[in-house]
Amino acid sequence: MPADPRPRRPAEDPGPGAALLTDDDALAAAVLRLAGAAGCAVLREVPPALEAPPLLLVGADAGAAAVAAARERGAGEVVLVGCAPVGPQWWRRAAELDADHAALLPEAEPWLLDRLLDAAGGRRPAGRVVGVVGGCGGGGASVLAAALAEAAATTGDVLLLDADPGAGGLDLLVGADQLPGLRWGDLAGVSGRLRPDVLRSTVRLGEGLHLLAGDRRAGAAPGGQALGAVLRAARDTFATTVVDLPRGRLEQLGAGVLGACEEVLVVAPATTRAAAAACGTVDEVRRLAGTGTGAAVRLVLRDVGSGADPGVLADVVGAPLSAVLRPERDLEPCLERGEGLPAGRRSAVRGFATRWAATAPAR
């Protein structure tokens, strides 16, 4: 097969994410305004010698030959755009141009903004989302979430999301309550789509590790819409997002949040009563996540010296056993002093987190 003679952009410069073919100035102004909000560079034509951007936006006045040529040069998605009101001929034009979608503004502005944000981010794979939730009160989910995020940050950028307002605050747990950065109170009422770079203004815990924590002063707790918007942006920005989920409030967050998780770890003490309580949490996670998402629900037990058989407890809960964490004498004193997780190499929670991060798929 002969080599493709078209020049391609260097890997570090993805170039414009979209092209717009129209001579309608009003339509162009509306589209370019959305593109500016999305941070997406837009070409007003596709030069014959250049590979086409992945998103091709066309007005009803665009020629079929120009659209076909852009497809041949790599345009992955063709969207007919227009400004209301339009007549029946506009919809027929979508079929004539063999468009993948038709977006009528202003009603379709949120949808088109999503497409432009995706195009601005390029074609890199989305980051993974991992949820951690207590199977019962005091299960230790927040501690495990912090450990997983810290371990994953050794191989890629990570966002630790504090979505459990009843846990006292992840910033206190990791000793970051005085550090600057965006918190949930700054994102109150957010919905729709966030620009991914906004999340890099959250609390920075270290190299490659950010935290979006609660705001006790504002009393703000993330709702389902806000958390969903942040999760969508986080997947475009971070290799891994670890969410400390609120036991007892999963229903309020909605199916979209649980459905975004590739894996959910349910944490509970290794006792019969805790396992009985965790049954309801596991069932609720599975119901909200749905059956088609591929989310894996696993159990992590904390050994509290009860003598109960971990395998039997996992059977009671109905979830595969991921780990049994032995007690840590230094854990609570370190957390109480605001020092974060114990730094010792023999830490059970750090050891599990390190093994978990090492087996995670590459992104």
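Residues numbered from 1 in each chain as written. Predicted model: local features only at pLDDT ≥ 70, side-chain atom pairs only at ≥ 80, totals over all residues. Heavy atoms only, no water.

### Examining the sheet that holds strand 13 (residues 321-325)
Line of reasoning, step 1. Strand order in the open sheet formed by eight strands is 8-9-7-10-6-11-12-13, with mixed pairing between adjacent strands. In the strand order of this sheet, the two ends are held by strand 8 (203-206) and strand 13, each with one partner. Here the strands of the sheet are splayed against their neighbours by 20 degrees on average, with no regard to which way each runs.
Line of reasoning, step 2. Sheet topology note: the strand 7 (residues 158-162)/strand 9 (residues 209-212) ladder contains four bridges and is parallel. In the sheet register, valine 158 faces strand 9, and the bridge partner there is leucine 209. (Pairing = 2+ DSSP bridges. Helix = DSSP H or I, 4+ residues; strand = E, 2+ residues; numbered from the N terminus. Axes fitted to C-alpha atoms, helices over the stretch in contact; angles between N-to-C directions.)

### Quick word on the pairing of strand 13
Side chains on a regular strand alternate between the two faces of the sheet.
Line of reasoning, step 1. Of the strand pairs in this sheet, strand 12 (residues 296-302) and strand 13 are connected by four bridges, and their pairing is parallel. Across the sheet, valine 300 pairs through a bridge with alanine 323, a residue of strand 13.
Line of reasoning, step 2. For the crossover that starts at strand 12, traverses helix 11 (residues 310-317) and ends in the parallel strand 13, the hand is right-handed. (Right-handed = clockwise from strand over helix to strand, strands pointing away.)

### Focus on a negative patch on the surface
Line of reasoning, step 1. A contiguous patch of negative charge, built from Asp23, Asp24, Asp25 and Asp61, is present on the exposed surface.
Line of reasoning, step 2. Take aspartate 61: it is sitting in the loop between strand 3 (55-58) and helix 2 (64-72). (Patch = residues over 30% accessible without salt bridge, like charges linked within 9 Å, V, L, I, M, F, W, Y side chains within 5 Å. Areas by Shrake-Rupley, 256 points an atom, 1.4 Å probe, with all protein chains shown as cover. Salt bridge = Lys/Arg side-chain N within 4 Å of Asp/Glu carboxyl O. Lys, Arg positive; Asp, Glu negative; His and termini not counted. Charge placed at Lys NZ, Arg CZ, Asp CG, Glu CD.)

### Comments concerning the side chain of arginine 93
Line of reasoning, step 1. Looking at the secondary structure, you find arginine 93 in helix 3 (residues 88-96).
Line of reasoning, step 2. Once residues within four sequence positions are removed from consideration, arginine 93 is found in contact with Ala60, Ala62, Gly63, Ala64 and Leu80. (Contact = heavy atoms within 4.5 Å.)

### A word on the confidence of the model for the protein chain
Line of reasoning, step 1. In the predicted model, the protein chain carries a mean pLDDT of 82, and 84% of its residues have values of at least 70.
Line of reasoning, step 2. When pLDDT is averaged over each helix and strand of the protein chain, the minimum, 70, is found for helix 12 (residues 331-336) and the maximum, 95, for strand 10 (residues 240-244).
Line of reasoning, step 3. This stretch, residues 1-14, has a pLDDT under 50; its non-local contacts, to residues over four places away or in other chains, come to 16 contacts. (pLDDT = per-residue confidence, 0-100.)

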